[in-house]
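Spelled out, the chains give:
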Number of protein chains: 2
Amino acid sequence: MARTELPVSIDLSHHINALSKSRHPSPLKDIIKYMAYDGMISFAGGLPHSSLFPFQTASIGVYPASTVLDPINPQAPEKLDIVNFSKAELDGQALSIATAMQYGSCAGDPSVIKWAADFTNIVFQPAYSDFEILLSGGNTDAWKKVVGLLSEQGDKILVEAHTYPSSQALWIPMGCEAVPVKVDSHGMRSDDMDAILTSWEANNPGVKKPHLLYIVPVGSNPTGSTMLAQRKKEIYDACVKHDVIICEDDPYFFLQYPEYDSGFAATPGSNASTPEEYLKSLAPSFLKYDFEGRVIRLDTFSKTLSPGNRLGYFVANPVFIERLLRATEVETQAPSGWSQLVVSNLLHNWGTNGYITWLANLRDQYRTRRDYMAIFSFVPPSAGMFIWARFYLTNSPRFLKIQDSGKSVDPEQEFLDYVWAELSKALVLLTPGSYYTPWQGKDKALTKTRGSEPGVGYFRLAFSMPTREEIYMGVNRMAKVLQDCWE
Amino acid sequence: MARTELPVSIDLSHHINALSKSRHPSPLKDIIKYMAYDGMISFAGGLPHSSLFPFQTASIGVYPASTVLDPINPQAPEKLDIVNFSKAELDGQALSIATAMQYGSCAGDPSVIKWAADFTNIVFQPAYSDFEILLSGGNTDAWKKVVGLLSEQGDKILVEAHTYPSSQALWIPMGCEAVPVKVDSHGMRSDDMDAILTSWEANNPGVKKPHLLYIVPVGSNPTGSTMLAQRKKEIYDACVKHDVIICEDDPYFFLQYPEYDSGFAATPGSNASTPEEYLKSLAPSFLKYDFEGRVIRLDTFSKTLSPGNRLGYFVANPVFIERLLRATEVETQAPSGWSQLVVSNLLHNWGTNGYITWLANLRDQYRTRRDYMAIFSFVPPSAGMFIWARFYLTNSPRFLKIQDSGKSVDPEQEFLDYVWAELSKALVLLTPGSYYTPWQGKDKALTKTRGSEPGVGYFRLAFSMPTREEIYMGVNRMAKVLQDCWE
Ligand SMILES: Cc1ncc(COP(=O)(O)O)c(C=O)c1O
Ligand SMILES: Cc1ncc(COP(=O)(O)O)c(C=O)c1O
């Protein structure tokens, strides 16, 4: 698509698993081209007739793209933009009801695909020319299809040292296991990944080498960390060296914050920047370094427009996209026509610059929430919705007692469970860090057997939902409980 | 749900496959109940904040439920019902935007679930009491999840002698194979199914006995046939005897037609019947006989409201529903919030009787289209959107020549391909019957090796899309080509 001075993707089809390889296109597809013949009468289709769909007109009232909300008391602006999309008269590109509500291309409507391709070129700038777009039902659906494309039973999958639990819950029943890679403040360490893969055969004789990296590189769930340009390039190079496919699950890309400055009370709109300046402030996607087409980027509208859309898209090389499309045909078909309709019309109504303005303001909203929470002790995250709080347990007499008793199979976990329960009793709810522990099999389920850092524990705090008052109150409750637990 | 005089479902968990058995609920689920505690401040959630969703109001203009369209020239009625669903003030049960667009229960919104449970009790009347509902993204998504629940690699699956190709395309790459069961004018033959299963061990020593039946019992795609009450009961009993789970994929249930009467020109509204009379005229679902909970019924709004909704629901026993929900959590999450929003509000606006009136009129519309096509020679279907045309090839000198030459590996197929190409050249497009042949493995891919009836072939004609004029013209074109091919 477009920039033809760039290289085309290399052949990576050896990564495709046996099941995906053996999918055939539906025989019905062959017929579709005949349907377009002039004068053809088709008795082949079998679609329901769109005159018999009860839906005729539709409109939504949406925030104008430039809306700046009050972060303390966010209230809908008085004047909404009304987007009518009965007939999609807008610019001839957006989607109409009759089309959206019929069976259509499983790849998604051309208006949405084209928008996503243009947006990808502007914002993510892939380093190869023949990337393609396929719509997904959000990143949950997309990750499921990536595992269905690449992973065999029992495969080892490279992940960050703390990783998104739902992504694992998908492949654990397949007998797959995580290979956690160390992280530092810049995210996953390329030297550790290189070391693991270089010594793989020596350390894991007879075990298939990992060929898939799952990563949440921006505003990582749970750690909130963001991988900057230099590190991404290093990771990418290591993946080229070891022939690894990168799945970039990136729902928080547009929520990248400036560094936390305790003297500066962030207020939305205060960083008012042009769309170009905002885009420039963002760490690049892995796509920017992807001259071979080995990145499968998962984008979702869940965090930027709302999760209920269940809409997102893959960016990947044409061979992977074709196989993902085959899976989409038999597993789900295209995402909801309503979702495509609303999102297509909204984006065409706002325009690309309008959408980027929306994203910049959204970023400022969540940044303000981050700042409320960051005035307390933890490392403020540079993106996303989460603070990852690290605790040194060996300062707690209570922990030491559990440990020294010799009765606990996992003293860290036992103590952290206790802390979590005490916090809940004090009416403040955190997510236990253990939820994000990479699954390495039953024999590595304890802090010790897993080789996790001893005497350390984590909780995840989300700042996306509570109000400022709740944040202040909740953190006070936390402080008291933690004081008690550490005496 | 409700009718407690009925038996509860029996334990069928031995049908669940290894992968599905080993799914664990997300650890995050444990936390959700704590969130509801009075005064709890939650930093655990990590949802985006709904004040930051740009969508505030929404409305659709829909046909009034009682709309009767002119089948020859269907045009939207002048007065549409406008359904506003910004806040779902309707009756407190339908869904509002803020809820629909947030992450929510993967089972689906309670307003939709409750509607589906009530509707199931009224219309399908399951013979056991503890059935449950889970929303799906339509029957494609639902069937994928049923195979993911029950089937192991290499399983044999019972199907009708002609079956829906996309349903096979899903499991062929898993190394599964079809076991086709004979059909007659009442649909699948229970005696043949019983015979196959009774003699299974003798005829297939060492091969795992099929334990899943996939069936489109009403308006079968492709054959258009419908299984009436008596046959359904026989099939159900055979499934009890042989411990088989029935997956009832039933998108055409509400399009069941009275017998074709060539002297009677059907016009929509002409059968005007009360909702009760209409429901009475329909052959029952397998659920009606399901006193054990061994039916997984797949319902979809694709044919009754429109495919773009990508919305449907499972009706099944609680153990299966729980496992299907686990898969939904990691594979897709809930269906599109927009789809749930629109369908929930529409159904609550129309009311159950309104919806049934809509279905009765819709049935009459498609019935009229069936009648246009049925004035020609084929067996008129009793439901759905398809005519299944059977041809005797041995009357064609051309076919006999191919056969007698001894040069063709599959004379039937070669001749039918030729007929199809000639039809296309004459600008009338049918679907080749071969697309619906059950896949029994590579060594049974030819008419002969498969043991299909020799000298017979099929085409599928859909009457749902063309106009009356197109039907008349198309059938004339067909007649000429067929005459030529049979000389
Ligand atoms: C890292 C990560 N991936 C995927 C998802 C789910 O995204 P979607 O709503 O697009 O399925 C989330 C949201 O909770 C997430 O944090
Ligand atoms: C038998 C059968 N099952 C399933 C489907 C697909 O239904 P849905 O749109 O609900 O995925 C169709 C429609 O083409 C069908 O004919």
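These numbers were taken from a predicted model, which means no experiment stands behind them.

1. Notes on the overall build of chain A
Next up, step 1: Within chain A one finds 16 helices and 16 strands.
Next up, step 2: A globule of 487 residues ought to have a C-alpha radius of gyration of about 23 Å, and chain A, at 24 Å, matches this closely.
Next up, step 3: Taking the principal axes of the C-alpha coordinates as reference, chain A spans close to 85 × 60 × 45 Å.
Next up, step 4: Buried positions account for 60% of the 487 residues belonging to chain A.
Next up, step 5: Contacts in chain A between residues at least 24 apart in sequence constitute 78% of all its contacts with a sequence separation of at least 6.
Next up, step 6: Here chain A displays about 18,400 Å² of accessible surface, and carbon together with sulfur accounts for 54% of that area.
Next up, step 7: Positive and negative side-chain charges in chain A, numbering 44 and 53 respectively, have mean positions lying 3 Å apart.

2. Regarding the site of ligand 1
Next up, step 1: Lining the immediate surroundings of ligand 1 are 15 residues, of which Thr140, Asp249, Ser302 and Lys303 of chain A together with Tyr103 of chain B lie closest.
Next up, step 2: Contact distances for ligand 1 include 3.3 Å between an oxygen atom and a side-chain N or O atom of Lys303 of chain A.
Next up, step 3: In this structure, an oxygen atom belonging to ligand 1 sits 2.8 Å away from a side-chain N or O atom of Arg310 of chain A.
Next up, step 4: In the complex, the protein chains occlude 95% of the 410 Å² of accessible area that ligand 1 would expose alone.
Next up, step 5: Its residues placed into classes, the shell around ligand 1 shows 5 nonpolar, 7 polar and 3 charged.

3. Let's talk about the interface of chain A and chain B
Next up, step 1: Contacts between the two partners involve 106 residues from chain A and, on the opposite side, 105 residues from chain B.
Next up, step 2: Between chain A and chain B, roughly 8,800 Å² of surface is buried when both sides are summed, and carbon and sulfur atoms account for 66% of that area.
Next up, step 3: Linking chain A with chain B are 0 salt bridges.
Next up, step 4: Our count for the contact surface shared by chain A and chain B stands at 49 residue pairs in polar contact (both at pLDDT 80 or more).
Next up, step 5: Take the side of chain A that touches chain B: its biggest share by element is 12 residues, from helix 12 (residues 337-374) of chain A.
Next up, step 6: Here the side of chain A that touches chain B is composed, by residue class, of 64 nonpolar, 29 polar and 13 charged.
Next up, step 7: Looking at chain direction, strand 1 (residues 41-42) of chain A and strand 14 (residues 428-429) of chain B are connected through 2 bridges and run parallel. Bridge pairing in strand 14 of chain B places Ile41 of chain A opposite Val428 of chain B.

4. Considerations on the site of ligand 2
Next up, step 1: With respect to spatial proximity, 15 residues lie near ligand 2, and among them Tyr103 of chain A together with Thr140, Asp249, Ser302 and Lys303 of chain B are the closest.
Next up, step 2: More than one chain reaches ligand 2: the nearby residues come from chains A and B.
Next up, step 3: The separation between an oxygen atom of ligand 2 and a polar side-chain atom of Lys303 of chain B is 3.3 Å.
Next up, step 4: Separating an oxygen atom of ligand 2 from a side-chain N or O atom of Arg310 of chain B is a distance of 2.8 Å.
Next up, step 5: Bound to the protein, ligand 2 loses 95% of the 400 Å² it would expose on its own.

5. Observations concerning the sheet that holds strand 3 (residues 81-84) of chain A
Next up, step 1: Taken together, 4 strands build an open sheet; the order of strands is 3(A)-2(A)-2(B)-3(B) and the sheet is antiparallel. Only two strands of the sheet have a single neighbouring strand rather than two, namely strand 3 of chain A together with strand 3 (81-84) of chain B. Pairs of neighbouring strands in the sheet enclose a mean axial angle of 20 degrees, with direction left out of account.
Next up, step 2: Relative to strand 3 of chain A, strand 2 (residues 55-62) of chain A is paired through 4 bridges, and the arrangement is antiparallel. Its bridge partner lying in strand 3 of chain A, Ser59 of chain A is registered against Asn84 of chain A.
Next up, step 3: On the sheet, helix 12 (residues 337-374) of chain B packs against strand 2 of chain A together with strand 2 (55-62) and strand 3 of chain B and is oriented at approximately 50 degrees with respect to strand 2 of chain B.

6. Observations concerning the relation of the copies chain A and chain B
Next up, step 1: Superposing chain A onto chain B requires a rotation of 180 degrees together with a translation of 0.0 Å along the rotation axis, leaving an RMSD of 0.0 Å. The superposition of one copy onto the other is thereby described by a two-fold rotation axis.

7. Some points on the pattern of salt bridges
Next up, step 1: Counted according to the given criterion, the structure contains 50 salt bridges over all chains.
Next up, step 2: A salt bridge links Asp191 of chain B to Arg189 of chain B; its shortest N-O distance comes to 2.9 Å.
Next up, step 3: Relative accessible area serves as the criterion here: at 29%, Arg189 of chain B is assigned to the partly exposed category.
Next up, step 4: Of the charged contacts in the structure, one is a salt bridge between Glu453 of chain B and Arg390 of chain B, with a shortest N-O distance of 2.7 Å. Within this pair, whereas Glu453 of chain B is found in the loop between helix 15 (447-450) and strand 16 (456-462), its partner Arg390 of chain B is found in strand 13 (residues 386-392), the two being separated by 63 residues in sequence.
Next up, step 5: Each member of the salt-bridge network shares a partner with another, and the members are Glu248, Asp250, Arg297 and Asp299 of chain A.

8. Quick look at the domain arrangement of chain A
All names here are of chain A.
Next up, step 1: What the domain assignment lists for chain A is domain 1 (13-32 + 105-359) and domain 2 (385-485).
Next up, step 2: Its C-alpha centre places domain 1 at a distance of 30 Å from the equivalent point of domain 2.
Next up, step 3: Facing the 24 residues of domain 1 at the interface are 14 residues of domain 2.
Next up, step 4: Between domain 1 and domain 2, the buried area comes to about 1,400 Å², and carbon and sulfur atoms account for 64% of it.
Next up, step 5: On the domain 1 side of the interface with domain 2, the three residues burying the most area are His162, Glu177 and Pro222, jointly 30% of the side's total.
Next up, step 6: The tally of links between domain 1 and domain 2 comes to 0 salt bridges.
Next up, step 7: Of all the secondary-structure elements, those providing two or more residues to the side of domain 1 that touches domain 2 are strand 5 (156-160), helix 6 (165-171) and strand 6 (177-181).
Next up, step 8: Of the residues belonging to the side of domain 1 that touches domain 2, the class tally is 13 nonpolar, 8 polar and 3 charged.

9. Some thoughts on the packing of aromatic side chains
Next up, step 1: Tallied over the entire structure, the rule returns 56 aromatic pairs over all chains.
Next up, step 2: Here the aromatic rings of Phe391 of chain B and Phe459 of chain B are separated by 5.8 Å at their centres, their planes lie at 75 degrees, and the arrangement is edge-to-face. On the criterion of sequence distance, the pair formed by Phe391 of chain B in strand 13 and Phe459 of chain B in strand 16 is long-range, its members being 68 residues apart.
Next up, step 3: Grouped by ring-pair contacts, the aromatic residues Tyr63, Trp115, Phe119, Phe124, Phe253, Phe254, Phe301, Tyr313, Trp350, Tyr355 and Trp358 of chain A constitute a single cluster.
Next up, step 4: Directly above the ring of Phe286 of chain A sits Lys232 of chain A, whose terminal nitrogen or CZ lies 5.8 Å from the centroid.

10. A word on the sheet that holds strand 16 (residues 456-462) of chain A
Residues and elements named next belong to chain A.
Next up, step 1: One open sheet holds the 3 strands; their spatial order is 13-16-15, and the pairing between them is antiparallel. Only two strands of the sheet have a single partner each, and these edge strands are strand 13 (386-392) and strand 15 (431-432).
Next up, step 2: As paired elements, strand 15 and strand 16 share 2 bridges and run antiparallel to each other. The residue bridging Thr431 from the neighbouring strand is Arg460, located in strand 16.

11. Description of the packing of helix 14 (residues 411-425) of chain B against helix 16 (residues 468-486) of chain B
Residue and element names in this part refer to chain B.
Next up, step 1: Taken N-terminus to C-terminus, the directions of helix 14 and helix 16 make an angle of 140 degrees; their axes are 10 Å apart at the nearest point. Taken together, the axes of helix 14 and helix 16 are oblique relative to one another. Relative to helix 16, the crossing made by helix 14 is right-handed. Facing Phe415, Tyr418, Val419, Glu422 and Leu423 of helix 14, the residues of helix 16 in contact are Met478, Val481, Leu482, Cys485 and Trp486.
Next up, step 2: Each residue belonging to the contact of helix 14 with helix 16 can be placed in one class, and the counts come to 9 nonpolar, no polar and 1 charged.

12. Concerning the environment of Lys407 of chain B
Residue and element names in this part refer to chain B.
Next up, step 1: One can find Lys407 in the loop between helix 13 (397-405) and helix 14.
Next up, step 2: A residue is classified by how much of its surface remains accessible, and Lys407, at 76% relative accessible area, is exposed.
Next up, step 3: Taking C-alpha positions, Lys407 is 40 Å from Val218, a pair spaced 189 residues apart along the chain.

13. What about the environment of Lys280 of chain B?
Residue and element names in this part refer to chain B.
Next up, step 1: Structurally, the position occupied by Lys280 is in helix 10 (residues 275-280).
Next up, step 2: Among the residues examined, Lys280 registers a relative accessible area of 76% and is labelled exposed.
Next up, step 3: Between the C-alpha atom of Lys280 and that of Val123, which follows or precedes it by 157 residues, the distance is 9.2 Å.

14. Side note on the side chain of Ser167 of chain A
All names here are of chain A.
Next up, step 1: Looking at where Ser167 falls in the secondary structure, it is placed in helix 6.
Next up, step 2: Here Ser167 falls in the buried class, since its relative accessible area comes to 2%.
Next up, step 3: Of note is the side chain of Ser167, whose polar atom sits 2.6 Å from the backbone oxygen of Tyr164.

About the thresholds
Residues numbered from 1 in each chain as written. Chains lettered and ligands numbered in written order. Predicted model: local features only at pLDDT ≥ 70, side-chain atom pairs only at ≥ 80, totals over all residues. Heavy atoms only, no water. Helix = DSSP H or I, 4+ residues; strand = E, 2+ residues; numbered from the N terminus. Rg over C-alpha atoms; globule rule 2.2 N^0.38 Å. Buried < 20%, exposed > 50% of the residue type's maximum accessible area, 1.4 Å probe, protein only. Contact = heavy atoms within 4.5 Å. Areas by Shrake-Rupley, 256 points an atom, 1.4 Å probe, with all protein chains shown as cover. Lys, Arg positive; Asp, Glu negative; His and termini not counted. Charge placed at Lys NZ, Arg CZ, Asp CG, Glu CD. Near = heavy atom within 4 Å. Polar contact = N/O pair within 3.5 Å; in protein donor to acceptor, adjacent residues only side chain to side chain. Nonpolar A, V, L, I, M, F, W, Y, C, P; charged D, E, K, R; others polar. Buried area = accessible area lost by both parts, 1.4 Å probe. Salt bridge = Lys/Arg side-chain N within 4 Å of Asp/Glu carboxyl O. Pairing = 2+ DSSP bridges. Axes fitted to C-alpha atoms, helices over the stretch in contact; angles between N-to-C directions. Least-squares fit on C-alpha atoms with pLDDT ≥ 70 in both. Domains from an automatic or database assignment. Phe/Tyr/Trp six-rings, centres within 6.5 Å; stacked < 30°, edge-to-face > 60°. Lys NZ or Arg CZ within 6 Å of the ring centre and 35° of its normal. Parallel < 35°, antiparallel > 145°, perpendicular 65-115°, else oblique. Left-handed = near helix turned anticlockwise from the far one by under 90°.

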